[in-house]
Amino acid sequence: ATLPRVSSSKLELRSPSKLDQVTRSFAAVLLDDGKEIDTRLLIKACRALLDLIRSTGAASLRLAAKDFESNLRKVERLFEESPVECRTLASLLELERERDIHDGNVLRDPSAAIGLLWIRRSLAFQSHLYYESLVRSDHGKHPKEVAREAYDEHL
């Protein structure tokens, strides 16, 4: 038996979802076999995530989106000021260190380093929350309990 032919004009091509775009964006940030992170691509991936969070329209995520963007702006400011020197996250952090922005091991706020710290914590929180809510949904925990656990562990 042969399959009926379908005209390509009748095929509906689905554009990637916002979640697909976020996933692809974060997958692209690694350089040198995962030893470095491209600052420009990380900023782009974080902006895609911010767009996804805002697109949900959930009132509970508004504050999280605002905080995430505030921290992202700290990174963007330094990157936009010195894009060549800030090509990787390591070089961005080294530039702040050379400029003596921090008090030794104490990070000053505002700074790109403190913004990155809170971005990392936010990503870890979201990863934990979604993993426990979607992948391990058989644990019988209420979403509020999962959110509290993720918050306590990462934020």
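Residues numbered from 1 in each chain as written. Predicted model: local features only at pLDDT ≥ 70, side-chain atom pairs only at ≥ 80, totals over all residues. Heavy atoms only, no water.

Student: When you look at the overall build of the protein chain in this model, what are you seeing that I'm missing?
Tutor: Helices and strands together make up the secondary structure of the protein chain, namely six helices and two strands. Reading the helices (α) and strands (β) of the protein chain from amino to carboxyl end gives α-β-β-α-α-α-α-α. Each principal axis of the C-alpha atoms in the protein chain carries an extent, and together these give about 75 × 40 × 30 Å. Counting across all 155 residues of the protein chain, residues that qualify as buried make up 32%. Long-range contacts, defined as pairs at least 24 residues apart, comprise 49% of the intrachain contacts of the protein chain with a sequence gap of at least 6. Surface accessibility of the protein chain: about 10900 Å² in total, with carbon and sulfur atoms responsible for 53%. (Helix = DSSP H or I, 4+ residues; strand = E, 2+ residues; numbered from the N terminus. Buried < 20%, exposed > 50% of the residue type's maximum accessible area, 1.4 Å probe, protein only. Contact = heavy atoms within 4.5 Å. Areas by Shrake-Rupley, 256 points an atom, 1.4 Å probe, with all protein chains shown as cover.)

Student: What is the right way to look at the packing of aromatic side chains in this model?
Tutor: Note on aromatic pairs: each is described by the distance of the centres and the angle between the planes. In total, this model carries zero aromatic pairs according to the counting rule given. A cation sits over an aromatic face here: R121 above W118, 4.5 Å from the ring centre. (Phe/Tyr/Trp six-rings, centres within 6.5 Å; stacked < 30°, edge-to-face > 60°. Lys NZ or Arg CZ within 6 Å of the ring centre and 35° of its normal.)

Student: It is not clear to me how the side chain of E132 should be interpreted in this structure. Could you clarify?
Tutor: With respect to the helices and strands, E132 occurs in helix α5 (residues 112-135). Setting aside residues up to four positions removed in sequence, E132 forms contacts with S137, H139 and V146.

Student: Looking at this model, I keep getting lost on the pattern of salt bridges. Mind explaining?
Tutor: When the charged atoms of two side chains lie near each other, side chains of opposite charge can form a pair. A full pass over the atoms with the stated rule returns eleven salt bridges. R47 is paired through a salt bridge with E69; the nearest N and O atoms lie 2.8 Å apart. Linking R47 in helix α2 (residues 39-55) with E69 in helix α3 (residues 62-81), this pair joins segments that are 22 residues apart in sequence. The shortest N-O distance in the salt bridge between R54 and E69 comes to 2.3 Å. Residue R54 is found in helix α2, and its partner E69 is found in helix α3; the two are separated by 15 residues along the sequence. Here R54 falls in the partly exposed class, since its relative accessible area comes to 43%. With a relative accessible area of 12%, E69 lands in the buried category. Among the charged side chains, a salt-bridge network with shared partners connects R47, R54, E69, R73 and E76. (Salt bridge = Lys/Arg side-chain N within 4 Å of Asp/Glu carboxyl O.)

Student: Looking at this structure, I do not really get the environment of T88. What am I missing?
Tutor: Note on placement: T88 falls in the loop between α3 and α4 (89-98). For the pair T88 and E36, spaced 52 residues apart in sequence, the C-alpha separation works out to 6.4 Å. Apart from residues no more than four positions distant in its own chain, T88 is found in contact with L31, E36, I37 and T39.

Student: Even after reading the chapter, I still don't get the packing of α4 against α5, so can you show me in this structure?
Tutor: The description of two helices packed together rests on the angle between their axes and the distance between the axes. Across the interface, α4 lies against α5 with an axial gap of 9 Å and an inter-helix angle of 140°. In terms of their interaxial angle, α4 and α5 are classed as oblique. Here L89, L92, L93 and E96 of α4 come into contact with α5, specifically with A112, A113 and L116. Along the lines of polarity and charge, the residues of the contact of α4 with α5 split into six nonpolar, no polar and one charged. (Axes fitted to C-alpha atoms, helices over the stretch in contact; angles between N-to-C directions. Parallel < 35°, antiparallel > 145°, perpendicular 65-115°, else oblique. Nonpolar A, V, L, I, M, F, W, Y, C, P; charged D, E, K, R; others polar.)

Student: Teacher, can you tell me more about the state of the cysteines here?
Tutor: Structurally, a disulfide amounts to a covalent bond that connects the sulfur atoms of two cysteines. Within this structure, the stated rule accounts for zero disulfides. Not engaged in a disulfide, the cysteine C46 finds its nearest cysteine sulfur in C86; these two sulfurs lie 15 Å apart. Note on C46: relative accessible area 1%, which makes it buried. (Disulfide = S-S within 2.5 Å.)

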